[in-house]
Amino acid sequence: QNLQKLVDSDRVIAVIGGTNSGTSLAMSSVANRNKVPYIAPNAAARNLTGADCNPYTFRVLTTTPVASAALAPALLDIGKRWYFMSADYAYGQDVYASMKAMLDQAGGTEIGYDKTPLGTIDFSAFILKIRQASPDVVVLGLPGGDLSNFLKQYKEMGMKGRIPVA
């Protein structure tokens, strides 16, 4: 809505912005409809320049599959039993799909998978599940504030240093 207002009222000729993959996908649609170049500096979901690609959208951040391909070998060296947790929106879903594909390709095992709502404040129940499952690695697809909350609680619950988090 804000981008449409900028186009209609302020007659902008280009836009840089968007705080995450979800907002960037919406802004990309508006940019395409109005033929206004849009640079997405903080969107990793592959759909932005994949299935939802248009000639008016440009990404700065690498796609989730590219980042996953770089990270997965180091995690596989730690172990092949992974627990996944991701926020239930475009980026989180993409992290899960990309990293799960890397794990499957290596013959690994998904020990658990939890989707969390954006803005989750209390991760203690999820952390207890992770502790019980005892994976080799925890793979997260959480946005900034959620990630900070999770890591703080992970440490408070004595998990830091016990099971690596990526």
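Within each chain, residue numbers correspond to sequence positions counted from 1 in written order. In keeping with the predicted nature of the model, local features appear solely for residues at pLDDT of at least 70, side-chain atom pairs appear and are counted solely at 80 or more, and the whole-chain, interface and lining totals rest on all residues. Excluded from the side-chain calculation are hydrogens and water; included are all heavy atoms of the structure.

Caption draft 1: A look at the packing of aromatic side chains. Note on aromatic pairs: the rings of Phe, Tyr and Trp (six-membered ring only in Trp) are paired at centre separations within 6.5 Å, and the planes decide the class, stacked below 30 degrees, edge-to-face beyond 60, tilted for the rest. The full count for this structure, using the stated rule, is seven aromatic pairs. An aromatic cluster is present here, built from Trp82, Phe84, Tyr96 and Tyr113 joined pairwise through their rings.

Caption draft 2: Highlighting the sheet that holds strand β2 (residues 38-40). A pair of strands counts as paired when DSSP detects no fewer than two bridges linking them. A run of DSSP states H or I qualifies as a helix once it reaches four residues; a run of E qualifies as a strand once it reaches two. Both are numbered from the N-terminal end. With respect to topology, three strands assemble into an open sheet ordered β1-β2-β3, the strand pairing being parallel. The open sheet is flanked by β1 (15-16) and β3 (57-59), the only strands paired with a single partner. Sheet topology note: the β1/β2 ladder contains two bridges and is parallel. Within β2, the residue paired with Ile16 across the bridge is Ile39. Each of β1, β2 and β3 touches helix α2 (residues 21-34); the most contacted strand, β2, lies at about 165° to it. In this description, contact between two residues means that some pair of their heavy atoms is separated by no more than 4.5 Å. With axes taken as lines fitted to C-alpha atoms, and helix axes fitted only over the stretch in contact, angles between N-to-C directions fall between 0 and 180 degrees.

Caption draft 3: Broad picture of the layout of surface pockets. Only protein atoms enter the 1 Å grid used here. Points where a 1.4 Å probe fits but cannot escape make up a cavity, open sets with protein on both sides within 12 Å along at least five of seven lines make up a pocket, and a residue lines them when an atom lies within 4 Å of a point. Grid points are joined across faces, edges and corners, and a volume is the space filled by probe spheres set on the points. Of the pockets and cavities examined, the largest pocket occupies roughly 170 Å³. Forming the walls of the largest pocket are 13 residues, and the residues nearest its centre are Thr64, Ala67, Ser68, Tyr91 and Val95. Contributions of two or more residues to the lining of the largest pocket are made by α3 (64-78), α4 (90-105) and β6 (137-141). Looking at the lining of the largest pocket, the element that brings in the most residues is α3, giving four residues. Its residues placed into classes, the lining of the largest pocket shows ten nonpolar, three polar and no charged. Under this grouping Gly is polar, as are all residues other than the nonpolar Ala, Val, Leu, Ile, Met, Phe, Trp, Tyr, Cys and Pro and the charged Asp, Glu, Lys and Arg.

Caption draft 4: Broad picture of the nonpolar core. We call a set of buried residues a nonpolar core when its members are Ala, Val, Leu, Ile, Met, Phe, Trp, Tyr or Cys and they connect through side-chain atoms within 4.5 Å of each other. Per-residue accessibility, obtained with a 1.4 Å probe over protein chains only, is compared with the maximum for each type, and a residue is labelled buried under 20%, exposed over 50%, and partly exposed between these values. Counting 15 residues, the largest nonpolar core has Met85, Phe123, Ile130, Leu142, Phe150 and Tyr154 as the members making the most contacts within it. Every element with two or more residues in this core is listed here: β4 (81-87), α5 (124-133), β6 and α6 (144-156). Not counting residues within four places of it along the chain, the set of residues in contact with Ile130 comprises Tyr83, Met85, Pro135, Val138, Phe150, Tyr154 and Ile163. Val7, Met27, Ala40 and Leu48 belong to the second largest nonpolar core, which has twelve residues in total.

Caption draft 5: Summary view of α4. Expected helix span is given by 1.5 Å per residue-to-residue step, counting one fewer step than there are residues. With 16 residues, α4 ought to run about 22 Å at 1.5 Å a step, and its terminal C-alpha atoms sit 22 Å apart, in line with that. Within α4, the full set of buried residues consists of Gly92, Asp94, Val95, Tyr96, Ser98, Met99, Lys100 and Leu103. Buried residues belonging to α4 abut α3, β4, β5 (109-116) and β6. Gly107 occupies a position one or two residues after α4 and carries a positive phi of about 75°.

Caption draft 6: Layout of the environment of Pro37. Among the structural elements, Pro37 can be located in the loop between α2 and β2. Judged by relative accessible area, which is 33%, Pro37 ranks as partly exposed. Each C-alpha atom, one on Pro37 and one on Tyr56, is 4.5 Å from the other, the two residues being 19 residues apart in sequence. Excluding anything up to four places from it in sequence, Pro37 contacts Ile13, Ala14, Val15, Tyr56 and Phe58.

Caption draft 7: View of the sheet that holds β5. Taken in spatial order, the three strands line up as β5-β4-β6 in an open sheet, and their pairing is parallel. Of all the strands in the sheet, just β5 and β6 have a single pairing partner and so form its edges. Between one strand axis and the next, the sheet turns by 15° as a mean value, whatever way the strands run. Where β4 and β5 come together, seven bridges link them in parallel fashion. Bridge pairing in β5 links Phe84 to Tyr113.

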